[in-house]
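Analysis of the macromolecular model
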Amino acid sequence: MLAGVVQDFLIIWATIDPIGTMALFAGLTAKLSSEQRRKTAVRAILYAGAVLLGAIVIGQILLGAMGISLVSFQLAGGIILFLFGLQMIFSEGSNDEHVEPKHDMAVFPLAIPSTASPGAILAVILLTDNHTHPITEQVVTSLMMLLVLAITLVLLLLSGRILKVIGTGGASILVRIMGMILAALSVEFIIEAVMLEGWLGGG
């Protein structure tokens, strides 16, 4: 149970990528006042949380309505998460986003796609599969997701101070480490999906 909780936490952490979001937040809000930065951080996390909780609640229902099995989704999700991890590893580390002045940066790009990234949405749907995980495990996974979002909020609020300590180089190293972990975990998703379908081992 504990191992599963830790694995869920690592997957959600890697896909939400609090460190990368913190670096992006620091760059985008550099010219804002402390109060504006705080409000932007809180709104971004609230928006991201709503999106991810929505994915947990109705994501699998939508897949069922479209006739997509969870095994197929898990295989596709594992491949996408693997590519997502590779992107984190080989990213140039540029946080330049073309955001129009009239757009709320708390929505784009901070909430979507930085915090509630496509990878995070895929991950929470896979980790709360009704056919594989009992309701208690789904609740724990949801709590892990909320915990990661809470940690992300703290990092956003302290982004200026943290980046002064670890520097952009330190943030880049942390993002790449999480990318490697995510790539490894996504391979587990792929292998599990393939074995469930009996494509390996003569099943």
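Predicted model only: the values in this text are computed from it and were never measured.

**Overview of the overall build of the protein**
Helix and strand counts for the protein stand at eight helices and zero strands. Taking 17 Å as the expected radius of gyration for a compact globule of 203 residues, we find that the protein reaches 17 Å, a close match to that expectation. By principal-axis analysis of the C-alpha atoms, the protein measures approximately 60 × 35 × 30 Å. Counting every position in the protein, which comprises 203 residues, the buried fraction comes to 43%.

**Here we look at the layout of surface pockets**
In this structure, the second largest pocket spans a volume of roughly 360 Å³. Residue lining of the second largest pocket: 20 residues in total, with Q7, D8, L127, H133 and F189 positioned closest to the centre. Sorting the residues of the lining of the second largest pocket by element identifies α1 (2-16), α4 (70-90), α6 (118-127), α7 (135-157) and α8 (159-196) as the ones contributing at least two each. With five residues, α1 is the single largest residue contributor to the lining of the second largest pocket. Of the residues in the lining of the second largest pocket, the class split is nine nonpolar, six polar and five charged.

**Topic: the environment of M195**
Note on placement: M195 falls in helix α8. Using a relative accessible area of 46% as the deciding quantity, one classes M195 as partly exposed. Spatially, the C-alpha atoms of M195 and V71 are 9.9 Å apart, while their sequence positions differ by 124 residues.

**Observations concerning the packing of helix α3 (residues 34-65) against α6**
Put simply, α3 and α6 touch, their axes get as near as 9 Å, and they point 60° apart. The orientation of α3 with respect to α6, classified from their angle, is oblique. In this structure, α3 meets α6 at a crossing whose hand is right-handed. Across from V51, L52, A55, I56, G59, Q60 and L63 in α3, the residues of α6 making contact are A120, I121, V124 and I125. Of the residues belonging to the contact of α3 with α6, the class tally is nine nonpolar, two polar and no charged.

**Re the pattern of salt bridges**
The final tally for this structure, using the stated rule, is two salt bridges. The salt bridge involving R38 is made with E35; its shortest N-O contact spans 2.7 Å. Remark: E35 and R38 occur in helix α3; sequence separation between them is three residues, near one turn of the helix. Accessibility expressed as a relative area gives 40% for R38, which makes it partly exposed. Taking the relative accessible area as the measure of exposure, E35 reaches 39% and is therefore partly exposed. Between D104 and R43 there is a salt bridge, with the nearest N and O atoms lying 3.0 Å from each other. On the criterion of sequence distance, the pair formed by D104 in the loop between α4 and α5 (106-115) and R43 in helix α3 is long-range, its members being 61 residues apart. Looking at D104, the relative accessible area reads 29%, which means it is partly exposed.

Calculation criteria
Residues numbered from 1 in each chain as written. Predicted model: local features only at pLDDT ≥ 70, side-chain atom pairs only at ≥ 80, totals over all residues. Heavy atoms only, no water. Helix = DSSP H or I, 4+ residues; strand = E, 2+ residues; numbered from the N terminus. Rg over C-alpha atoms; globule rule 2.2 N^0.38 Å. Buried < 20%, exposed > 50% of the residue type's maximum accessible area, 1.4 Å probe, protein only. 1 Å grid on protein atoms, 1.4 Å probe; cavity = no way out; pocket = protein on both sides within 12 Å on 5 of 7 lines; lining within 4 Å. Points joined across faces, edges and corners; volume = space filled by probe spheres on them. Nonpolar A, V, L, I, M, F, W, Y, C, P; charged D, E, K, R; others polar. Axes fitted to C-alpha atoms, helices over the stretch in contact; angles between N-to-C directions. Parallel < 35°, antiparallel > 145°, perpendicular 65-115°, else oblique. Left-handed = near helix turned anticlockwise from the far one by under 90°. Contact = heavy atoms within 4.5 Å. Salt bridge = Lys/Arg side-chain N within 4 Å of Asp/Glu carboxyl O.

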